Amino acid sequence: MPSLLLDEARARFDLLTVTSYDVTLDLREEETFTSRTVIDLVSHSGDTFLDLKARELRAIGLDGQQLPTDAWSDGRYPLTLTEGEHQLEVDAVMGFRNDGEGLHRAVDPADGRAYVYQMSFMSAAPSVFACFDQPDIKAPYTLHVIAPEDWTVVANAAGEQVETGRWEFQQTQPLSTYFVTLVAGPYHRIRDEHDGIPLGLLCRSSMAAALDDDADELFTTTKQCFDEFHRLFGVRYQFGKYDQAFVPDFNAAAMENPGCVTFREAYVFTSKVPRGLRVQRAACVAHEMAHQWFGNLVSPRWWDDLWLNEAFAEYMGNRVTAEATEFTEAVAWAATARKNWGLTADARPSTHPVAGNGALDADSALQDFDGISYAKGHAVLTQLAHRLGDDVFFSGVRDHFERHRFGNATMHDLFGAWERAGAGDLNTWTDAWLRTAGVDRIDLVRTGGGSAELVRTSPDGVVSRRAQAVALARWDGETWSVDDIQVDEDRTAVGVGPGVAAVVDADTGAWADITFDDVTAAQLAGLMPRTVDPLIRSAIWITVRNGVDHARLDPAAAVDILVGGIPNEEHDFALTALSAWAGDDGEGTHNSVHWKLLPVVSDRASAERRLYDAFLARATSAPAGSELQLAAAQGAVLNAPAPDPLRALLANDWLPGLTVDSGMRWRAFKRLASLDATDLDELDKALAEDNDAKSQLAHAWCRARLPDPEAKAWAWRRFTGEVDATNYEIDAIGSGMWQTGRDDLLAPYAARYFDELPGTTAVRSGWVLGDAARFFFPISVMTDDTLARRDQLLADESLNPTLRRVLMDAGDDLRRRIETVRRYS
Ligand SMILES: [Zn+2]
């Protein structure tokens, strides 16, 4: 189906205004649902089209006249409108989906009950109801739902069950199609209220106890954030009630649907988690709340401003979490957990400016929705906010909300508001940071005799215009002392004594590609036990990963620094980030799945053993039962060199105080599968004793990891689509399948990947098409042949653009790995 073009969106915006949508959905069947939509609109005279991605169009009428259903094709229905008011009526049958888009339906293995939710972002709304699907055609919605009798139905606006199985909802404020939603099923719902805003939390029934346990924490965070956003923005929340629903198989972390935010279920903690995950969840709650203003009250006109949506929500979300909730470490968490994501993206061949990408159509915009939109956008917006100061920043933001309330706006509108608020001319800054792609390198270069320079190199070799303040930490023999250095030129003199260790970007506030100089790299392992400042430690952890990622830090030196610092790390989120980066057994995530330390280190067995010992030392020195102990124990499990400690863990006889629950047991099984120390019988038995959705995914990961040909063939049938699999199964099976050192089993699949990837467009689309390509990319088969096969496929001009982007980025990761191995072994 064609992706909406910017030109088409402009023409349709100029032609018509939608006055209201009235949508009736009948959700009582299992495969399909009926969708009846009445659209009132005002039009000029002209030709346009309606978006409809249905199984069957039963009837369509315009102003009471039936139109031929056979004019509908390729997701569009052509319309010729005359000047004036019109009413469209569309009666269609739609399919439930299992890829996390449209109306997703999942059956809970724990009790056989079905759950439904709607994900409209970015272009899936027409697979739920007929609409003009673009962000700047906003309209109020009235929703009616017929559902099975035991279901609860929640949507953007408040609603109620008027008779058994019939739900009526109030008319919403004007909404963009991409954030229209409903959540329906036998959901467990907890209610509260704050400052006149009804609050709700929802999850599937089988997870009710876990959500009940955390309801206080989630409601408290929500209330504190509402108060703070009201104070900072000076505009009240505008969408009535506020539900937060944790839903199955969700592709993103969360989606900011006005009044009814949807979250991934991993945020319902059915097993004990380190505190870092609570920080992450709170920051996510705050991020989605920030969108209620920036994104929902004022929405982007077109997809090329999505970066601003995300950068703003990241900045406000992390800041408000740190300043208004108990999770004061949110800013340090964000740097440690996410900055490398953006730095890596900004150094790739596919890098792009933060803003102004054109985004000719929705599909291409989705491809640029990456670490640059989130992590870099966040970093540069933080710099801008510091530069403007709160008075100018927030008076500009308030002006923007007032002017474009319930409407749409662009980046230029917001920057105009800041200029009116007293920001001065922002053009130079905007050009340097938002309209120029790539990241400057900043290296500490020792020039002899106790002097040194910060040498800035921009990626294309031209003089960089990106001026920024960079914190420089020097080791004075006892502790680190930090100074802010203004880097305006390509060479900036700094005083660093001979042999003195120095850390560049010691407060993590700069946006730069940084490596340790050799003098510092040689000392850091020894200095880590004496380094206590959390920001400097965070900076070091970011730089270690960046150095290995760019093949500029010997992986063996990186292991030394990790081993030096892990035993006295105080932040569990740093342990979590480092263990996931180091091993290759981690759960796949969108921003780190393809880069790990152990696959490129020359003496892997010894590195693994030393990392295991370091995590174990931290787990042993941390208070028994603490979150720090848990995070360190998880790191030890991920790097366990032999089955013994894992077997002890499963027998609940490993570390005193450690909670051995479902999550921990499956971590042990994953490692056992990697070590070839379990089998399908044992895994099946474990699943039978603990059968819920999370266990099923962990079991699928383990099964794909088993080092035998049958397991790999089983995984492969899910990739090709020969056997249907949900989006989450695809992610689990793909990240489980590839393991370094198993080319004997996997090399044939590396070749097949490039042959069979193009055909996956016949079985998948949207988000999961890219995810399947990413998670099944043969990252562990680190040979020139794999790279050559990738290049061959990229040369095929007919290749789907989503697949092309995945091949570019995953291939870039593979190339770096190969380069690192060559350079340092
Ligand atoms: Zn967001």
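So, how was this worked out
- Residues numbered from 1 in each chain as written.
- Predicted model: local features only at pLDDT ≥ 70, side-chain atom pairs only at ≥ 80, totals over all residues.
- Heavy atoms only, no water.
- Helix = DSSP H or I, 4+ residues; strand = E, 2+ residues; numbered from the N terminus.
- Rg over C-alpha atoms; globule rule 2.2 N^0.38 Å.
- Buried < 20%, exposed > 50% of the residue type's maximum accessible area, 1.4 Å probe, protein only.
- Contact = heavy atoms within 4.5 Å.
- Core = buried A, V, L, I, M, F, W, Y, C linked by side-chain atoms within 4.5 Å.
- Pairing = 2+ DSSP bridges.
- Axes fitted to C-alpha atoms, helices over the stretch in contact; angles between N-to-C directions.
- Phe/Tyr/Trp six-rings, centres within 6.5 Å; stacked < 30°, edge-to-face > 60°.
- Donors = N, O, S within 2.8 Å, 3.2 Å for Na, K, Ca; no water.
- Parallel < 35°, antiparallel > 145°, perpendicular 65-115°, else oblique.
- Left-handed = near helix turned anticlockwise from the far one by under 90°.
- Nonpolar A, V, L, I, M, F, W, Y, C, P; charged D, E, K, R; others polar.
- Arc of directions from axis to C-beta.
- pLDDT = per-residue confidence, 0-100.
- Polar contact = N/O pair within 3.5 Å; in protein donor to acceptor, adjacent residues only side chain to side chain.
- Salt bridge = Lys/Arg side-chain N within 4 Å of Asp/Glu carboxyl O.

As a further point, take the overall build of the protein chain. The number of helices and strands found in the protein chain is 25 helices and 27 strands. The C-alpha atoms of the protein chain give 27 Å as radius of gyration, which agrees with the globular expectation for 825 residues (28 Å, within 12%). Counting only residues that meet the buried cut, the protein chain has 61% of its 825 residues in that class. Partitioning the intrachain contacts of the protein chain with sequence separation of at least 6 by distance along the chain shows that 72% fall at a separation of at least 24.

With that settled, consider the nonpolar core. Within the largest apolar cluster, 156 residues are counted, with the highest numbers of intra-cluster contacts made by Phe132, Met316 and Trp418. Counting residues per element, this core draws most heavily on helix H7 (residues 371-403), at 13 residues. Setting aside residues no more than four positions away along its own chain, methionine 316 makes contact with Phe229, Leu232, Phe233, Ala290, Phe393 and Phe394.

Ordered by their spatial adjacency, three strands build an open sheet running E22-E23-E26, and the pairing between neighbours is antiparallel. One side of each edge strand has no neighbouring strand; the edge strands of this open sheet are strand E22 (441-448) and strand E26 (491-495). Taken over all neighbouring pairs, the strand axes of this sheet differ in orientation by 30° on average, direction set aside. Bridge count between strand E23 (residues 451-457) and E26: five bridges; the pairing is antiparallel.

Per the counting criterion, the structure on display carries 44 aromatic pairs. The interplanar angle of 50° and the centroid separation of 6.4 Å between the aromatic rings of phenylalanine 233 and phenylalanine 394 together place this pair among those described as tilted. Pair noted here: phenylalanine 233 is in helix H2 (residues 208-233) and phenylalanine 394 is in helix H7, with a separation of 161 residues, a long-range link. Each ring, one from phenylalanine 312 and one from phenylalanine 393, has its centre 6.3 Å from the other, and the planes form 10°; the classification is stacked. Here phenylalanine 312, found in helix H4 (residues 306-324), pairs with phenylalanine 393, found in helix H7; they are 81 residues apart in sequence, far enough to count as distant.

Relative to strand E2 (residues 32-43), strand E1 (residues 16-26) runs antiparallel, the two being bridged by ten bridges. When the sheet's bridge partners are listed, threonine 17 is paired in E2 with valine 42. Between the antiparallel neighbours E1 and E2 lie five residues. Here E2 pairs with strand E7 (residues 84-95) via twelve bridges, running antiparallel. Bridging from a neighbouring strand, threonine 34 pairs with valine 93 of E7.

A few words on the coordination of the zinc ion. The protein atoms that coordinate the zinc ion are His287 (NE2), His291 (NE2) and Glu310 (OE), at distances of 2.0 to 2.1 Å. Sequence positions of the donors to the zinc ion reduce to the motif H-x3-H-x18-E. In this pair, histidine 291 is assigned in helix H3 (residues 275-293) and glutamate 310 in helix H4, connecting sequence segments 19 residues apart. Here histidine 291 and glutamate 310 have matching classes, each one buried.

Right, let's talk about the environment of arginine 817 for a bit. Here arginine 817 lies in helix H25 (residues 801-824). For the pair arginine 817 and proline 498, spaced 319 residues apart in sequence, the C-alpha to C-alpha distance is 33 Å.

Right, let's talk about the packing of helix H20 (residues 709-720) against helix H22 (residues 743-756) for a bit. At their nearest, the axes of H20 and H22 sit 11 Å apart, and the two run at 15° to each other. Put simply, H20 runs roughly parallel to H22. Every pair of crossing elements has a handedness; the one defined by H20 and H22 is right-handed. Counted together, Pro709, Lys712, Ala713, Trp716, Phe719 and Thr720 of H20 and Leu745, Leu746, Tyr749, Arg752, Tyr753 and Glu756 of H22 form the full contact between these two elements. Residues of the contact of H20 with H22, tallied by class, amount to eight nonpolar, one polar and three charged.

Bringing helix H1 (residues 6-15) into the picture now. What H1 keeps buried is the set Ala9, Arg12 and Leu15. The arc that holds every buried residue of H1, seen down its axis, measures 130°, which confines them to one face. Structural note: H1 exposes Asp7 and Asp14 on the side pointing more than 90 degrees away from its buried face. Taken together, the buried residues of H1 touch E1, E2, strand E3 (46-51) and strand E6 (76-81).

Our next topic: the confidence of the model for the protein chain. When pLDDT is averaged along the protein chain, the result is 95, and 98% of the positions lie at 70 or above. Considering only residues more than four positions removed or in separate chains, one finds that residues 589-594, a stretch of pLDDT under 50, has 17 contacts.

All right, on to the environment of asparagine 156 then. With respect to the helices, strands and loops of the structure, asparagine 156 is situated in the loop between strand E11 (152-155) and strand E12 (159-163). Since its relative accessible area comes to 6%, asparagine 156 is described here as buried. Once the C-alpha coordinates of asparagine 156 and glutamine 170 are considered, the two residues, 14 residues apart in sequence, prove to be 9.1 Å apart. Among all residues touching asparagine 156, those that are not within four sequence positions of it are Thr172, Leu175, Phe179, Val180, Thr181, Phe239, Lys241, Asn257, Pro258, Gly259 and Cys260. Polar contacts involving the side chain of asparagine 156 include one to the main-chain carbonyl oxygen of phenylalanine 179, which spans 3.1 Å.

Examined bridge by bridge, strand E4 (residues 56-62) and E7 share six bridges and lie antiparallel to one another. Counterpart to glycine 61 in the pairing with E7 is glutamate 89.

A few words now on helix H13 (residues 572-582). Buried residues dominate H13, accounting for nine of its eleven residues. Buried residues of H13: Asp572, Phe573, Ala574, Leu575, Ala577, Leu578, Ser579, Trp581 and Ala582, and no others. Buried positions along H13 lie against H3, helix H5 (330-346), helix H11 (534-549), helix H12 (555-565), helix H14 (604-621) and helix H15 (627-638).

Applying the stated criterion across every chain yields a total of 61 salt bridges. Between arginine 113 and aspartate 150 there is a salt bridge; the shortest N-O distance is 3.2 Å. Placement of arginine 113 in the loop between strand E8 (102-107) and strand E9 (114-119) and of aspartate 150 in the loop between strand E10 (141-146) and E11 is noted, with a sequence separation of 37 residues between them. For arginine 113, a relative accessible area of 30% gives the class partly exposed. Classification of aspartate 150 as partly exposed rests on a relative accessible area of 44%. Taking the shortest distance from any N to any O, the salt bridge between aspartate 513 and arginine 552 comes out at 2.6 Å. Of the two residues, aspartate 513 sits in the loop between strand E27 (502-504) and helix H10 (518-527) while arginine 552 sits in the loop between H11 and H12, which places them 39 residues apart along the sequence. Taking relative accessible area as the criterion, arginine 552 reaches 22% and is therefore assigned partly exposed.

This part covers the sheet that holds E7. Reading across the sheet, the eight strands line up as E5-E4-E7-E2-E1-E10-E13-E12 and stay open at both edges, with mixed pairing between neighbours. Both edges of this open sheet fall to strand E5 (65-67) and E12, since each of them pairs with a single strand only. Looking at each pair of strands side by side, their axes are set apart by 20° on average, direction ignored. When E12 meets strand E13 (residues 166-169), the two strands line up antiparallel, connected through four bridges. Of the residues in E13, the one forming a bridge with glycine 159 is phenylalanine 169. Against the sheet, H1 contacts E1 and E2, and its axis sits at roughly 100° relative to E1.

This part covers the side chain of arginine 789. Assignment of secondary structure puts arginine 789 in helix H24 (residues 784-794). Ignoring anything within four residues of it in the chain, the contact list for arginine 789 reads Ala751, Phe754 and Asp755.

Below, the discussion takes up unusual backbone geometry. A cis amide bond links phenylalanine 121 to the next residue, methionine 122, at an omega of -15°. Positionally, methionine 122 belongs in the loop between E9 and E10. The backbone phi angle of aspartate 505 is positive, close to 65°, even though this residue is not glycine. In this fold, aspartate 505 is placed in the loop between E27 and H10. On the accessibility criterion, aspartate 505 (5% relative accessible area) is buried. At aspartate 676, a position not held by glycine, the phi torsion is positive, near 60°. The topology assignment puts aspartate 676 in the loop between helix H17 (662-674) and helix H18 (680-689).

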